[in-house]
Amino acid sequence: EKDKGDLFKVIKNISKLAKPKDILIVYLTGHGGKENFPLSTGQSYTAFGDEIITEEDLERELKKIKVGYSIMAFGQCYSGGFAKRLGHGKNIAMSNSGSSRPSKSFGKDSFGEKFFPALFGEISDDEKAKADKDNDGRINVQEAFEYTAEGDFLAHPLMSLTPFKNTYHLYSDIDPKKVSLDRGR
């Protein structure tokens, strides 16, 4: 079973290969939570094997990778803490939940399963027309993010039968409308 040390080794290897004009794509999902024990920092965390990775852990490790910019998507419960902490400088970070609430992120309806195909333009022409709000033939990060958030109103199977809507957040010093990985139509 993999542990966070293995993940950090991968990050170290990427940092050796990364070039200043590269784009780093990070997608973190799984089981998330929030520290709420005495003397805790109140950070969000994600389970990784039998260990946890906090916002601070991930920020410290990702700083080692020197690239043009990063696009980070977080789909675990309480993932807003990761997005808020990492969405600055050359990072565009987004989440499908706030730092103090769970999310719905599983299977084909997960955040990454909708966001990344839209970002790379790998969706049907009908869906591209919905996502490409400025009609320039490309889907930028902002458009992919909004497309992902639209219509998200499903019941979370582990919570209740009450419909549950994720709260999407995007943090960035970079204008996400100016970043596109879609090669166009």
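Values in this document were obtained by computation on a predicted structure and should not be read as measured data.

Calculation criteria
- Residues numbered from 1 in each chain as written.
- Predicted model: local features only at pLDDT ≥ 70, side-chain atom pairs only at ≥ 80, totals over all residues.
- Heavy atoms only, no water.
- Helix = DSSP H or I, 4+ residues; strand = E, 2+ residues; numbered from the N terminus.
- Buried < 20%, exposed > 50% of the residue type's maximum accessible area, 1.4 Å probe, protein only.
- Areas by Shrake-Rupley, 256 points an atom, 1.4 Å probe, with all protein chains shown as cover.
- Pairing = 2+ DSSP bridges.
- Axes fitted to C-alpha atoms, helices over the stretch in contact; angles between N-to-C directions.
- Contact = heavy atoms within 4.5 Å.
- Phe/Tyr/Trp six-rings, centres within 6.5 Å; stacked < 30°, edge-to-face > 60°.
- Core = buried A, V, L, I, M, F, W, Y, C linked by side-chain atoms within 4.5 Å.
- Parallel < 35°, antiparallel > 145°, perpendicular 65-115°, else oblique.
- Left-handed = near helix turned anticlockwise from the far one by under 90°.
- Nonpolar A, V, L, I, M, F, W, Y, C, P; charged D, E, K, R; others polar.

## Describing the overall build of the protein
Scanning the protein for helices and strands turns up 6 helices and 9 strands. Burial status across the protein gives 44% buried among its 185 residues. Accessible area of the protein: about 10100 Å², with a carbon and sulfur share of 54%.

## Topic: the sheet that holds strand S9 (residues 169-172)
Spatially, the 4 strands line up as an open sheet ordered S1-S5-S6-S9, and their pairing is mixed. If you trace the sheet from one side to the other, it starts and ends with strand S1 (23-28) and S9, each paired once. Within this sheet the neighbouring strands show an average axis-to-axis angle of 10 degrees, counted without direction. Relative to strand S5 (residues 69-74), S1 runs parallel, the two being bridged by 6 bridges. Bridging across to S5, Ile-23 finds its partner in Tyr-69.

## Focus on the sheet that holds strand S2 (residues 32-34)
Reading across from one edge, S2-S3-S4 is the order of the 3 strands in this open sheet, with antiparallel pairing throughout. The sheet is open, and its two edges are formed by S2 and strand S4 (51-54), each paired on a single side. With direction set aside, neighbouring strand axes in the sheet form an average angle of 35 degrees. Bridging between S2 and strand S3 (residues 44-48) involves 3 bridges; their strand directions are antiparallel. Bridging from a neighbouring strand, Gly-33 pairs with Tyr-45 of S3. Along the sheet, helix H1 (residues 4-17) contacts S3 and S4; its crossing angle with S4, the most-contacted strand, is approximately 45 degrees. Strands S3 and S4 of the sheet are contacted by helix H2 (residues 55-62), whose axis makes an angle of about 70 degrees with S4.

## Quick notes on the packing of aromatic side chains
Counted under the stated rule, the structure contains 4 aromatic pairs. Plain terms: the ring middles of Phe-145 and Tyr-168 are 6.1 Å apart, the flat faces sit at 80 degrees to each other, and that makes the pair edge-to-face. With Phe-145 in helix H6 (residues 141-149) and Tyr-168 in the loop between strand S8 (163-164) and S9, this residue pair connects regions lying 23 residues apart in the sequence. The pair Phe-145 / Tyr-168 is uniform in exposure class, with both members buried. Ring pairs connect the aromatic residues Tyr-27, Phe-115 and Phe-116, which therefore count as one cluster.

## So, unusual backbone geometry
Despite not being glycine, Tyr-78 shows a phi value in the positive range, around 65 degrees. Secondary-structure assignment places Tyr-78 in the loop between S5 and helix H3 (80-86). Of note, Asn-135 is a non-glycine position whose phi angle comes to about 55 degrees, a positive value. Mapped onto the elements, Asn-135 comes out in the loop between helix H5 (125-131) and H6.

## Some details on the nonpolar core
The biggest cluster of nonpolar side chains holds 20 residues, and the ones touching the most others in it are Ile-71, Met-94, Phe-111, Phe-115, Leu-119 and Val-141. Contributions of two or more residues to this core are made by S5, strand S6 (91-95), helix H4 (111-119) and H6. Apart from residues no more than four positions distant in its own chain, Met-94 is found in contact with Ile-71, Met-72, Ala-73, Phe-74, Ala-83, Phe-111, Phe-115, Val-141, Phe-145, His-169 and Leu-170. With 17 residues, the next largest nonpolar core counts Phe-8, Leu-58, Met-72 and Phe-74 among its residues.

## Overview of the packing of H1 against H2
Running from amino to carboxyl end, H1 crosses H2 at an angle of 25 degrees, the nearest separation of the two axes being 10 Å. With respect to their mutual orientation, H1 and H2 come out roughly parallel. At the point where H1 passes H2, the crossing takes the right-handed sense. Across the interface between the two elements, Lys-4, Phe-8 and Ile-11 from H1 touch Asp-57, Leu-58, Arg-60, Glu-61 and Leu-62 from H2. Across the contact of H1 with H2, the residue classes break down as 4 nonpolar, no polar and 4 charged.

These figures come from the coordinates and say nothing about function on their own.
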